[in-house]
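Remarks on the overall topology
Here are the chains, one letter per residue:
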Amino acid sequence: MAGQRRRFTPASFKCTVCGKSCRSAGGLTQHRNAAHPEPPRLPDVTNGQPADNSDEPDLSPPPTRSPSTPCDHDGYDLPAGAPPPPWDERAPDDFSPFESRAEFELAEFLYTKEEMSTKSVDRLAQLLAALYPDRDPPFADYKDLYATIDAIQQGDIPWESFSVQYTGPLPENGPAPVWMTETFEVWYRSPLAIFEKQLANPDFKDEMDWAPKRIFKDSKRQFTDLFSGNWVWDQADKIAAESPENHGAMFVPGVFGSDKTTVSVGTGNTEFYPFYGGIGNIYNSTRRAHREGLSVMAFLSIPKTTRQYAASKEFRKFRRQLFHSSIARILQPLKPHMTTPRVTRCADGHFRRAIYGLGPYIADYPEQALLTCIVQGNCARCLSPSDDLDRESARRCLEHTEALLDALSLKELWDDFGIVGDIVPFTSDFPRADIHELISMDLLHQIIKGTFKDHLVDWVEEYIELTHSPAEAKRILAEIDRRIAITPPFPGLRRFPVGRGFKQWTGNDSKGLMKVYLPAIAGLVPNEIVQTVAHLTEFCHLVRRSVLDEDTLLVIDTTVARFHAAREIFRLIRPEGFSLPRQHSIVHYRELIQAFGAPNGLCSSITESKHIKAVKRPYRRSNRNKPLSQILLTNQRLDKIMAARVDFTARGMMDGSLFAGPPIPAPPPDANEEQVDNGVVEGPTCLGEVTLAKRHVRGVSRNVHDVALHVDQPRLHELIRRFLFEQLHPDRDAPATMAECPPFAENVFIYNSARAVFYAPSDVCGIGGMRHERIRAVKSWYSGPSRYDCVFIEHDGDADGFRGLHAARVHLLFRFKYHGVDYPCALIHWFSAHGNEPDPDTGMWIVKPDWVRGRPRDPSLAVVSLRTIFRAAHLIGMAGKEFVPADELFNFSHSLDAFKVFYINKYADHHAHEIAF
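You'll find the protein entered in an unreviewed UniProt entry as C2H2-type domain-containing protein, with Roridomyces roridus given as the organism.

Here's what the structure looks like:
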């Protein structure tokens, strides 16, 4: 690795196309296809008010989100309480370039919702023309539709490009490799325009921070969104210290991410390299909801060569520097406004003076190594040696790296510090930017796919194979797969019909396996292995929470220490130790949470989900011939349609029904609606509730005795009468005799499901943090066996976790009226906790079904009000050291009836983890 050491000030050169001075580094030149225009700026402002940057937190009630100082369009501060100026002066019915709202919604439906092909659009236009010969169709053909969409002014951020070429020395002997003479093109959109579009999005007005915040509850610090962390506070202090002109300005950090994605495999193997960006001011829930809080900003070039040159140090250096120089060029429009405020329109309608900055970067480990210019196998955040990563060491930082560059050779940098010393990182060209500081945590690749799936799951298999004969090892591994396969269904839970027996694992597969893996291995492997998996699973669910306080950080510290102690059992198969970058990363999560807030807002699952909308679906709409240009155009049209909808909605033009005349009768309840197990609930935060399905079961007698026969619950009539007595005499503690219970002969309507709505901000949810799921009690589910789900029932509101809950299994959902009062109810089978603490190995509570005293075959049943049910619960049978039947007829539908003891699966989702500890 001998050669030129890296310097952090790239040399200047004259662009060979436009003749202007540009940046060059690592043998690269770059230029636009056109000249280098400076983006227009509004006047700078110098009369802002100083911001309060006190380091002493206020321990009074949690502070509100304090806005930065609003100003007019010239940058002068507005009086306190002044209203924002109107958005524009267009007519209230101006849907330009569309003739009407109906025409806009048709275009949106065809292009965005249905993704209708060009031939189908033409056919639809012909049918409309034939049906209504006296009227022209809204769009004559697909060309007319596309031209109208292209004419939308809102969200019009054009794609631009620049070229990059190798300019280093060519080989003296023989021809140069193709990559040395090839020109690589990078397509991008102005990050400044994208950020200003996001800042001005009215949809975000209640989901955005205008200034750093520190949140306290019970005198303890809480970490939530990016602006609740220490990094934004530190950046604000630096900006304020740079100039008095910056006081009162709004800090706008960018959140970035990049990751290669493959859209076709086999002979094509078509790859793209999207680069994403978005403002850090929006809440984590908004960024996770995929509502354009993170936009595709560029498509980076992917240099390729033959095997002969792929491993050459020249090509590897070129590939790395191409990445950094491209990003540096893309982000240049932001640079002038990282030190001087720019007046910008915001989502609440006010103008504010914005100062931009480079913020957290979302990336998996290989991308982190590329970003931080380190040798693979080292940590991107600390200086621990690659063969002993868990050794406590100092943090990597810009100042330390610069000092090493001045003192050591490239070989010494590589060998002793894991630094690739001849690459200039893109952050070197921007103020207040240290790439080692900006690398964020990545739950998906570091913890779920990395430490859990690629490490622990594989190690468990290796341990079993090493410590047992081949035949016994196969038997145990088959038992693990069988236990996974017979796991009872649960809303949102991924099913594994054959256990772990498939090759292509996605991130969702790894997440699903983590939810059910612990009960599958418990009893089949040593307790230390179960504890290792349990501690990592606990860590993952702790750091995934949407709100983390100081107590949670202490629990995280304890969990990491326990994980490190328990994993020592795997030294039998890993005598070299555990110096693995992704596994090592867990020691940095505390400091990263304190810097950037909750990790769920900075996870690569966000960018991977973005791949689908920004790359994969547009690719499928292309004709596969030079698809990138078609992908760019599709993204631009989608952005325009969304921006138009946001604009029309903000101006009140989308209120009410599209259709004139009397209201259209509501359609009958759709059976498909009840087939949706779970999902987000849009809208604000509200009280949770459990409600019965929209329609009751047809073709069943409503007589209570007939219903009892239909559902095979002979005690139903008795239990309803006891329930009514409790409702009518709520202060009575002693149980009633049947003679005291009121008579009952009312109609009973039965239902196949109920819908639970609850606040679950740590899971995939609506902006208000709400989520819904289906609780089922049905004799035949999907024309197959019965399904009777389990639930949590509230017991003691003052007790913590599962101590304040009961577990029960629902055998019937029904409704009746008594004396004019409506009673939605559930017939349940009670479960009782086994012991006073969770299981020490798995960390999960153990429960057993209750039986009538003296009648061990009669379940302890009760009728309860639907209002007492909190949400669904997931119970997994506890097999221990016993093997489940290998009979193929024994499947997941039998588990809740076959087992005698169950785990309360607190890892079924993140909300369950928060309530069932």
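As a further point, take the overall build of the protein. Assigned secondary structure in the protein consists of 27 helices and 30 strands. Across the 917 residues in the protein, those meeting the buried criterion constitute 52%. Of the contacts made within the protein by residues no fewer than 6 positions apart, 71% connect residues no fewer than 24 positions apart. In the structure as shown, the protein presents an accessible area of about 41300 Å², 52% of it carried by carbon and sulfur atoms.

Our focus in this paragraph is the sheet that holds strand β16 (residues 548–549). Strand order in the open sheet formed by 3 strands is β7-β8-β16, with antiparallel pairing between adjacent strands. Looking along the sheet, the strands with just one partner apiece sit at the ends: β7 (215–217) and β16. As paired strands, strand β8 (residues 220–223) and β16 are joined by 2 bridges and run antiparallel to one another. Across the sheet, the residue bridging to F223 is L548, located in β16.

We now examine empty space enclosed by the protein. Tallying each qualifying case throughout the model produces 9 cavities of 30 Å³ or more. In this model, the largest cavity occupies a volume close to 140 Å³. In terms of lining residues, the largest cavity is bounded by 17 residues, among which Q368, C379, R381, Q446 and S585 are the most central. Of all elements in the fold, only α10 (365–372), α19 (581–584) and α20 (589–596) reach the threshold of two or more residues within the lining of the largest cavity. Forming the walls of the second largest cavity are P488, P489, W781, P785, S786, R787, Y788, D789, R809, F892, S893 and L896.

The next thing to look at is unusual backbone geometry. With an omega of 5°, the peptide bond between S96 and P97 qualifies as cis. Relative to the helices and strands, P97 is located in the loop between β4 (70–71) and α1 (101–113). Phi at R624 takes a positive value of approximately 70°, unusual for a residue other than glycine. Checked against the element boundaries, R624 lands in the loop between α21 (604–621) and α22 (627–650). Taking relative accessible area as the criterion, R624 reaches 43% and is therefore assigned partly exposed. In the Ramachandran plot, K626 falls in the positive-phi region, its phi being about 50° despite a non-glycine side chain. For K626, the position within the fold is in the loop between α21 and α22.

What follows covers the environment of V424. Looking at where V424 falls in the secondary structure, it is placed in the loop between α12 (410–417) and α13 (435–438). Under the relative-accessibility criterion, V424 is labelled buried at 10%. Sequence separation of V424 and L371 is 53 residues, and the distance between their C-alpha atoms is 9.9 Å.

Our next topic: the environment of A369. When you line up the elements, A369 lands in helix α10. Judged by relative accessible area, A369 falls into the buried class, the value being 5%. Each C-alpha atom of the pair A369 and I439 lies 9.9 Å from the other, and the pair is 70 residues apart in sequence. Excluding residues within four positions of it along the chain, A369 makes contact with I374 and Q376.

Going through the model one piece at a time under the given rule, you end up with 36 aromatic pairs. Consider the rings of Y111 and Y146, whose centres lie 5.5 Å apart with planes at 85°: the pair is edge-to-face. With Y111 in helix α1 and Y146 in helix α3 (residues 142–150), this residue pair connects regions lying 35 residues apart in the sequence. Exposure remark for Y111: the relative accessible area of 3% places this residue in the buried category. Judged by its relative accessible area of 14%, Y146 is buried.

The next subject is the side chain of H535. Structurally, H535 is set in helix α17 (residues 527–543). Look at H535 and you get buried, because its relative accessible area is 17%. Apart from residues no more than four positions distant in its own chain, H535 is found in contact with T559, R562, F563 and A566.

Here we come to the layout of surface pockets. Considering only enclosed or pocket space, the second largest pocket measures out at about 990 Å³ in volume. If you go around the second largest pocket, you meet 40 residues; those closest to its centre are E538, R545, H913, E914 and F917. Among the secondary structure elements, those contributing two or more residues to the lining of the second largest pocket are α17, α18 (550–566) and α27 (910–915). When residues in the lining of the second largest pocket are grouped by element, the largest group, 5 residues, is from α18. Partitioned by chemical class, the residues of the lining of the second largest pocket number 13 nonpolar, 14 polar and 13 charged.

Moving on to the packing of α18 against α20. In contact at an axis separation of 10 Å, α18 and α20 are set at 160° when each is read in the N-to-C sense. The pairing of α18 with α20 is recorded here as roughly antiparallel in orientation. Of the two elements, α18 crosses α20, and the hand of that crossing is right-handed. Taking contact as the criterion, the partners of L553, L554, I556 and D557 in α18 are, on α20, R590, I593 and Q594. Tallied by class, residues from the contact of α18 with α20 come to 4 nonpolar, 1 polar and 2 charged.

Quick look at helix α15 (residues 470–485) now. With 16 residues, α15 should reach 22 Å at 1.5 Å per residue; the first-to-last C-alpha distance of 22 Å fits that figure. Those residues of α15 lying buried are A473, I476, L477, E479, I480, D481, R483, I484 and A485. Elements in contact with the buried residues of α15: α14 (443–467) and α16 (507–521).

Attention shifts here to the pairing of strand β23 (residues 790–794). Burial runs high along β23: 4 of the 5 residues are buried. Looking at chain direction, β23 and strand β28 (residues 869–873) are connected through 4 bridges and run antiparallel. From the neighbouring strand, V791 faces β28, where its bridge partner is A872. Inspection of the sheet shows β23 paired to strand β24 (residues 805–818) by 5 bridges, in the antiparallel sense. Its bridge partner being in β24, F792 is matched across the sheet by A807.

Our focus in this paragraph is the pattern of salt bridges. This structure, assessed with the given rule, holds 42 salt bridges. Across the salt bridge formed by E718 and R715, the nearest N and O atoms sit 3.3 Å from each other. Residue classification places E718 among the partly exposed residues on the basis of a relative accessible area of 23%. What makes R715 partly exposed here is its relative accessible area of 26%. With a shortest N-O distance of 2.7 Å, R809 and D897 are connected by a salt bridge.

The rules behind these values
- Residues numbered from 1 in each chain as written.
- Predicted model: local features only at pLDDT ≥ 70, side-chain atom pairs only at ≥ 80, totals over all residues.
- Heavy atoms only, no water.
- Helix = DSSP H or I, 4+ residues; strand = E, 2+ residues; numbered from the N terminus.
- Buried < 20%, exposed > 50% of the residue type's maximum accessible area, 1.4 Å probe, protein only.
- Contact = heavy atoms within 4.5 Å.
- Areas by Shrake-Rupley, 256 points an atom, 1.4 Å probe, with all protein chains shown as cover.
- Pairing = 2+ DSSP bridges.
- 1 Å grid on protein atoms, 1.4 Å probe; cavity = no way out; pocket = protein on both sides within 12 Å on 5 of 7 lines; lining within 4 Å.
- Points joined across faces, edges and corners; volume = space filled by probe spheres on them.
- Phe/Tyr/Trp six-rings, centres within 6.5 Å; stacked < 30°, edge-to-face > 60°.
- Nonpolar A, V, L, I, M, F, W, Y, C, P; charged D, E, K, R; others polar.
- Axes fitted to C-alpha atoms, helices over the stretch in contact; angles between N-to-C directions.
- Parallel < 35°, antiparallel > 145°, perpendicular 65-115°, else oblique.
- Left-handed = near helix turned anticlockwise from the far one by under 90°.
- Expected span 1.5 Å × (residues − 1).
- Salt bridge = Lys/Arg side-chain N within 4 Å of Asp/Glu carboxyl O.

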